[in-house]
Number of protein chains: 2
Amino acid sequence: MSKQQIPLLSSGGCCAPISVAALNPAQAAEGAAAFKALSDPIRLRLMSIIASAGDEVCVCDITPHFDVSGPTISHHLKVLREAGLVDCERRGTWVYYWPMPERLQWISALLSVPEPVTS
Amino acid sequence: MSKQQIPLLSSGGCCAPISVAALNPAQAAEGAAAFKALSDPIRLRLMSIIASAGDEVCVCDITPHFDVSGPTISHHLKVLREAGLVDCERRGTWVYYWPMPERLQWISALLSVPEPVTS
DNA sequence: CTGCTGCTTCGACATGTGTCTATCTTGACT
DNA sequence: AGTCAAGATAGACACATGTCGAAGCAGCAG
């Protein structure tokens, strides 16, 4: 597990927030891919559960919160994984997920609005 | 114009960042809708052009930056409008768009990662 | 080895989404 | 009025996406 992760164009640092400078097509494509991963209510909730746990979370503790089938949860977790937002590891019978805060922070920074200059 | 805007569930203040508390289904639905609006490369670029302009932008200045047809641009702008991310007004022959920074800020805050407590 | 449990992968299907062309609306200018 | 240009809307179509049930693949326990 934790194998197929897409290579991140902007690995760590990032481009300027969109309120500061317009994105070029390549940057826009990468940003849009990240947003797409969070554009489903179930995925966003999954992300929030994993990110707010403060620790890794077992899939078996996640599934009961949702009304959809196991395969569907698994599918959404895979999308989050491929977007670099979470990672996971199998330990014995169970699989644990944890957040990748850098990626979350990167997206947040992309959207951040600079202080209006009150001079 | 600037008529059909969806009522925003969380009008101004907002729920805690997803790294702090898990979203309930209603919050997740609203957040996901916002992310969906930004989940297309063209829309994200549109948003960045409008947000970084520092002023309103005429559609006629936007269209030439893209390789898609006018109606497609128009469609994407409508999606951004309905998501509460931009607003517009017609003045004479031209239509001008400007960003709604509160909404952008709200999304950014939703994703913000609190400082790790280094105690 | 056999069975059971947790999770993922596969294949199929209905629904959503991005794109286009054609058409309409609005306003400006003769 | 008539004409032109800028955008928006409508309708059609290909493709992407969310969902499910069935099957597959680890690990553990007898």
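Details of the structure are given in the entry above.
Because the structure is a prediction, the values reported are computed rather than measured.

Rules behind the numbers
- Residues numbered from 1 in each chain as written.
- Chains lettered and ligands numbered in written order.
- Predicted model: local features only at pLDDT ≥ 70, side-chain atom pairs only at ≥ 80, totals over all residues.
- Heavy atoms only, no water.
- Axes fitted to C-alpha atoms, helices over the stretch in contact; angles between N-to-C directions.
- Helix = DSSP H or I, 4+ residues; strand = E, 2+ residues; numbered from the N terminus.
- Parallel < 35°, antiparallel > 145°, perpendicular 65-115°, else oblique.
- Contact = heavy atoms within 4.5 Å.
- Nonpolar A, V, L, I, M, F, W, Y, C, P; charged D, E, K, R; others polar.
- Pairing = 2+ DSSP bridges.
- Near = heavy atom within 4 Å.
- Polar contact = N/O pair within 3.5 Å; in protein donor to acceptor, adjacent residues only side chain to side chain.
- Expected span 1.5 Å × (residues − 1).
- Buried < 20%, exposed > 50% of the residue type's maximum accessible area, 1.4 Å probe, protein only.
- Least-squares fit on C-alpha atoms with pLDDT ≥ 70 in both.
- Core = buried A, V, L, I, M, F, W, Y, C linked by side-chain atoms within 4.5 Å.
- Phe/Tyr/Trp six-rings, centres within 6.5 Å; stacked < 30°, edge-to-face > 60°.
- Arc of directions from axis to C-beta.
- Buried area = accessible area lost by both parts, 1.4 Å probe.
- Salt bridge = Lys/Arg side-chain N within 4 Å of Asp/Glu carboxyl O.

**Let's talk about the packing of helix H2 (residues 41-52) of chain A against helix H4 (residues 70-82) of chain A**
The angle between the axes and the distance between the axes are what describe a pair of packed helices. Residues and elements named next belong to chain A. H4 packs onto H2 with a crossing angle of 70° between their chain directions and a minimal axis gap of 10 Å. Taken together, the axis directions place H2 and H4 in an arrangement best described as roughly perpendicular. Where H2 approaches H4, its residues Ile42, Arg43, Leu46, Met47 and Ile50 are matched on the opposing element by Ile73, His76, Leu77, Val79 and Leu80. Split by residue class, the contact of H2 with H4 holds eight nonpolar, one polar and one charged.

**A closer look at the pairing of strand E2 (residues 86-91) of chain B**
All names here are of chain B. When E2 meets strand E3 (residues 94-99), the two strands line up antiparallel, connected through six bridges. Directly across from Asp87, in E3, lies its bridge partner Trp98. Remark: two residues form the turn of the hairpin made by E2 and E3, two consecutive strands paired antiparallel; Gly92 in that turn has positive phi of roughly 70°.

**Points about the protein's contact with DNA strand C**
Near DNA strand C there are 24 residues, and of these Ser74 and Tyr97 of chain A together with Ser69, Thr72 and His76 of chain B occur at the shortest range. With respect to DNA strand C, the backbone of Cys60 of chain A contributes an N or O atom lying 3.0 Å from a phosphate oxygen. Here a phosphate oxygen of DNA strand C sits 3.2 Å away from a polar atom, N or O, in the side chain of Lys36 of chain B. In terms of residue count, helix H4 (residues 70-82) of chain B provides more of the surface near DNA strand C than any other element does, four residues in total.

**Examining H2 of chain A**
Residue and element names in this part refer to chain A. With twelve residues, H2 extends 16 Å from end C-alpha to end C-alpha; this agrees with the ideal 16 Å at 1.5 Å per step. In terms of residue burial, H2 counts as a mostly covered element, since ten of its twelve residues are buried. Within the sequence span of H2, burial applies to Ile42, Arg43, Leu44, Arg45, Leu46, Met47, Ser48, Ile49, Ile50 and Ala51. With a side-chain oxygen positioned 2.8 Å from the backbone nitrogen of Ile42, the residue opening H2 is Asp40. One or two steps after H2, the chain reaches Gly54, where phi turns positive at roughly 75°.

**Examining the relation of the copies chain A and chain B**
Of the transformation placing chain A onto chain B, the axial shift is 0.0 Å and the rotation is 180°, giving an RMSD of 0.0 Å. What the superposition gives is, in effect, a two-fold axis relating one chain to the other. Scanning chain A for the C-alpha nearest the rotation axis identifies Ser108 of chain A, at a separation of 2.3 Å. When the interface residues of chain A are mapped onto chain B, 100% of them again fall at the interface, so both copies present the same face.

**Focus: the nonpolar core**
Residues Leu38, Met47 and Leu85 of chain A together with Leu38, Met47 and Leu85 of chain B are the most contacted members of the largest nonpolar core, which totals 66 residues. What Leu85 of chain A contacts, discounting residues up to four positions off in sequence, is Ala37, Leu38, Met47, Leu80, Pro99, Met100, Arg103, Leu104 and Ile107 of chain A.

**Considering the packing of aromatic side chains**
On inspection of all chains with the given rule, the structure shows one aromatic pair over all chains. When the centroid spacing of 5.9 Å and the interplanar angle of 20° are considered together, the rings of Phe35 of chain A and Phe35 of chain B count as stacked. One end of the pair, Phe35 of chain A, is in helix H1 (residues 25-37); the other, Phe35 of chain B, is in helix H1 (residues 25-37), on a second chain. No difference in accessibility class separates Phe35 of chain A from Phe35 of chain B, as the two residues are buried.

**Here we look at H4 of chain B**
Residue and element names in this part refer to chain B. For H4, spanning 13 residues, the distance from its first C-alpha to its last is 18 Å, which sits close to the expected 18 Å at 1.5 Å a residue. Taken residue by residue, H4 has Ile73, His76, Leu77, Leu80 and Arg81 as its buried positions. One side of H4 holds all its buried residues, which, seen down the axis, span an arc of 145°. Elements in contact with the buried residues of H4: H1, helix H2 (41-52), helix H3 (59-62), E2 and E3. Where H4 ends, the next residue or the one after it, Gly84, has phi of about 75°, a positive value.

**Description of the interface of chain A and chain B**
Contact residues are listed per partner, giving 33 residues for chain A and 33 residues for chain B. When chain A packs against chain B, close to 2600 Å² is buried across both sides, 73% of that on carbon and sulfur atoms. A per-residue breakdown of the area chain A buries against chain B is headed by Ile18, Leu44 and Leu111 of chain A, which together make up 20% of the total. The tally of links from chain A across to chain B stands at zero salt bridges.

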